[in-house]
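Per-entry structural report
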Amino acid sequence: MTGGIVMSAIASHSPRIGIEAQAPAFLHGVIAGEYALGRAIAALEPDVIVLQSAHWVTTFTWYVTCQRRHKGVCVSDELPDLIPGVPYEQPGDPGFAALLVEEIKAKGLLSGRNEAEHYKWDYGTFVPLQYLDPKSRIPVVTMGTCILADLEECFTVGRAIRDAAGKSAKRVAFVASSALSHKLVRDPASWPTEAHQALDHEFLGLLSAGKTLEAWRFLGPYAQESLVEMGGRNIATMLGTLDGLPAALLKPAQYGEYGPSSGAGHVNFGITVAPL
């Protein structure tokens, strides 16, 4: 098998699905979709998952986890009653992580290694991975999201992930852990506004048609109007991983339902990339 991006995906991390047994019924379809996306990723036999979390926020630098093994207890600082402390353990891939850091630097951006012994996952990392890889077998490299980066820079980071995958000869699945529209309210079961739902579905329609370039052009105004989580930065990175790939190689699919969480729109969506 040749290396490269084998799938690029958007995955939900609503804290209300942090513990499956306590998840509300209105998110059961999202959970089912996240499990299905995980099965689709596993079927592609990736060597590593690169996950960028909207909840690991960095200021200046694109940090990449280089630990050989991820182990800890995840507590949501935002909602500690929902995720009060759940253990996790998953292999890392320090070799690929180091290559990715250098590839981001080669594109003129600040990047650094996170080798902190006591570093712990945020819930935007933990929540999707428990569904995408329930047995915690696939090596994972995680990334922060740089708040000073604009969408163009995030797109460039996506291209760096794509290029690192090609140079490493590893099969890489990229996951943007992010909601879509994200104008939050205090009622957990609230949907996005009708206007924001319409924009979410318009964006998903472009992805479903394999129109990634059009989706990239749509992202800026869409993110501004619908308050897409983290300003659309994670989704811009996801689109960057697919830059330059012909539509004929892309197989998009939505997994499970589009669902609500406190006014945000959540979905699991993957674009499988056929080998060149």
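For the structure given in this document, a descriptive report is provided here. Every value quoted in this text rests on a predicted model; they were computed, and no experiment measured them. (Residues numbered from 1 in each chain as written. Predicted model: local features only at pLDDT ≥ 70, side-chain atom pairs only at ≥ 80, totals over all residues. Heavy atoms only, no water.)

**Description of unusual backbone geometry**
Residues other than glycine seldom take positive phi values, yet Ser136 does so here, at roughly 55 degrees. Take Ser136: it is sitting in the loop between helix H3 (123-132) and strand S7 (140-146). A residue is classified by how much of its surface remains accessible, and Ser136, at 25% relative accessible area, is partly exposed. One non-glycine residue with positive phi stands out, namely Leu227, at about 55 degrees. Among the structural elements, Leu227 can be located in the loop between helix H6 (212-226) and helix H7 (233-240). Classification of Leu227 by relative accessible area gives partly exposed; the value is 42%. (Helix = DSSP H or I, 4+ residues; strand = E, 2+ residues; numbered from the N terminus. Buried < 20%, exposed > 50% of the residue type's maximum accessible area, 1.4 Å probe, protein only.)

**Concerning the pairing of S7**
The buried fraction of S7 amounts to seven of the seven residues, a majority that puts the element mostly inside the structure. Bridging between strand S2 (residues 48-58) and S7 involves six bridges; their strand directions are parallel. Opposite Ile49, over in S7, you have Val140 as the bridge partner. (Pairing = 2+ DSSP bridges.)

**A look at the packing of helix H4 (residues 151-168) against H7**
Each packed pair of helices is defined by two parameters, the angle between the axes and the distance between the axes. Orientation of H4 relative to H7, taken along the N-to-C sense of each, is 40 degrees, at an axis distance of 6 Å. Judged by the inter-axis angle, H4 sits oblique to H7. Between H4 and H7 lies a crossing of right-handed hand. Along its contact with H4, which presents Leu151, Cys154, Phe155, Val157, Gly158, Arg159 and Ile161, the element H7 presents Arg233, Ala236, Thr237, Leu239 and Gly240. Tallied by class, residues from the contact of H4 with H7 come to seven nonpolar, three polar and two charged. (Axes fitted to C-alpha atoms, helices over the stretch in contact; angles between N-to-C directions. Parallel < 35°, antiparallel > 145°, perpendicular 65-115°, else oblique. Left-handed = near helix turned anticlockwise from the far one by under 90°. Contact = heavy atoms within 4.5 Å. Nonpolar A, V, L, I, M, F, W, Y, C, P; charged D, E, K, R; others polar.)

**Focus on the packing of aromatic side chains**
Under the counting rule described, the total for this entry stands at nine aromatic pairs. Summarising the aromatic geometry, the rings of Trp56 and Tyr119 are spaced 5.1 Å apart at their centres and angled 45 degrees between planes, so their arrangement reads as tilted. Separated by 63 residues along the polypeptide, Trp56 in strand S2 and Tyr119 in the loop between strand S6 (111-114) and H3 bring together distant segments of the chain. The buried category is assigned to Trp56, whose relative accessible area is 11%. Every member of this aromatic cluster is reached through a ring pair, and the members are Tyr88, Trp121 and Phe126. (Phe/Tyr/Trp six-rings, centres within 6.5 Å; stacked < 30°, edge-to-face > 60°.)

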